[in-house]
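# Structure at a glance
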Amino acid sequence: SSNAISREGKHFSFMKYIPVSYWTQWNAKAFIGIIFPAAGVLVFFIPVCILLQIPVLHILLFTLLSLMSITFVSYMGIYIDSIQPKLIWDDEMSALRENYNTFFSMTISIAFTAIVCVGGFFLFCNTDISLTLTALILVVILAIANLIVLLATKKSGVRNIQEQEET
């Protein structure tokens, strides 16, 4: 998702003419960025948890954490790409190679992941809070992060696309 708008390239103006709102197009681009990693979580993570006989509640919480993290990264990546998409490129690979939006998105994602993981680890190890409660606290933190990113994208992400369209 971190280069979904840039990949439109010369066909960026097509987004204006199709009879679908920018917000719906935005969600479709983000959904594609969510569906494939989510499928990986469901195909690989859940069977491993079952094989390791992890409690069902933990599997559900960890799966929810994974899906919320994927959603956060997808919407944040597309928001970053909306700020300054690379719309002029010679071939499809140069749209990806010469686009720093993916780098910025990955940097923020790695930093956020490190903060959440290290924070959750220290919360679990240095307090008497159970693993289930720690996971619930992380779910709340990720829900807030997702809400912030969704509000930012809804407010200024669509406006960024409209401003790109005018230039």
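These numbers were taken from a predicted model, which means no experiment stands behind them.

### Re the side chain of Gln25
Secondary-structure assignment places Gln25 in helix H2 (residues 22-51). Judged by relative accessible area, which is 7%, Gln25 ranks as buried. Those residues in contact with Gln25 that lie beyond four places of it in its chain are Met15, Ile18 and Val20.

### A look at the layout of surface pockets
Quantified by volume, the largest pocket comes out at close to 350 Å³. Around the largest pocket, the lining is made up of 19 residues, and of these Leu65, Ser69, Val116, Cys117 and Leu138 lie nearest the centre. Elements supplying a minimum of two residues to the lining of the largest pocket: helix H3 (56-83), helix H5 (101-126) and helix H6 (131-166). Broken down by element, the residue count for the lining of the largest pocket peaks at 8 residues, all from H5. Its residues placed into classes, the lining of the largest pocket shows 13 nonpolar, 6 polar and no charged. Taken together, Ser1, Ser2, Gly33, Pro37, Ile70, Val73, Ser74, Gly77, Thr102, Ser105 and Met106 make up the full set of residues lining the second largest pocket. Listing elements by their share of the lining of the second largest pocket, those giving two or more residues are H2, H3 and H5.

### Looking at a nonpolar patch on the surface
A cluster of nonpolar residues, Phe31, Ile32, Ile35 and Phe36, forms a patch on the protein surface that exposes about 430 Å² of accessible area. Residue Phe31 is classed as partly exposed on the basis of its relative accessible area of 47%.

### Thoughts on H5
Here H5 is 26 residues long and its end C-alpha atoms lie 37 Å apart, about the 38 Å a rise of 1.5 Å per residue gives. Taken as a whole, H5 has its buried residues at Asn101, Ser105, Ser109, Val116 and Gly120.

### Re the nonpolar core
Within the largest apolar cluster, 20 residues are counted, with the highest numbers of intra-cluster contacts made by Ile5, Phe12, Trp26, Tyr75 and Ile161. Elements with a contribution of two residues or more to this core: H2, H3 and H6. No other element matches H3, which puts 6 residues into this core. In this structure, Tyr75 is in contact with Trp26, Asn27, Ala30, Ile34, Val149, Leu150 and Thr153, ignoring residues within four places of it in sequence. If you look at the next biggest cluster of nonpolar residues, it comprises 8 residues, including Leu65, Met68, Val116 and Ala135.

### Remarks on the packing of H3 against H5
Between two packed helices, the angle of one axis relative to the other and the distance separating the axes together describe the packing. Where H3 meets H5, the axes come as close as 9 Å, and the angle between the chain directions of the two elements is 145 degrees. Considering the relative orientation of H3 and H5, their crossing is right-handed. Every residue of H5 that contacts H3 at Phe72, Val73, Met76, Gly77, Ile80 and Asp81 is listed here: Asn101, Phe104, Ser105, Ile108, Ser109 and Phe112. Looking at side-chain class alone, the contact of H3 with H5 contains 7 nonpolar, 4 polar and 1 charged residues.

### Digging into the environment of Ile54
Positionally, Ile54 belongs in the loop between H2 and H3. C-alpha separation for the pair Ile54 and Ile129, spaced 75 residues apart in sequence, amounts to 18 Å.

Conventions and cut-offs
- Residues numbered from 1 in each chain as written.
- Predicted model: local features only at pLDDT ≥ 70, side-chain atom pairs only at ≥ 80, totals over all residues.
- Heavy atoms only, no water.
- Helix = DSSP H or I, 4+ residues; strand = E, 2+ residues; numbered from the N terminus.
- Buried < 20%, exposed > 50% of the residue type's maximum accessible area, 1.4 Å probe, protein only.
- Contact = heavy atoms within 4.5 Å.
- 1 Å grid on protein atoms, 1.4 Å probe; cavity = no way out; pocket = protein on both sides within 12 Å on 5 of 7 lines; lining within 4 Å.
- Points joined across faces, edges and corners; volume = space filled by probe spheres on them.
- Nonpolar A, V, L, I, M, F, W, Y, C, P; charged D, E, K, R; others polar.
- Patch = residues over 30% accessible without salt bridge, like charges linked within 9 Å, V, L, I, M, F, W, Y side chains within 5 Å.
- Areas by Shrake-Rupley, 256 points an atom, 1.4 Å probe, with all protein chains shown as cover.
- Salt bridge = Lys/Arg side-chain N within 4 Å of Asp/Glu carboxyl O.
- Expected span 1.5 Å × (residues − 1).
- Core = buried A, V, L, I, M, F, W, Y, C linked by side-chain atoms within 4.5 Å.
- Axes fitted to C-alpha atoms, helices over the stretch in contact; angles between N-to-C directions.
- Left-handed = near helix turned anticlockwise from the far one by under 90°.

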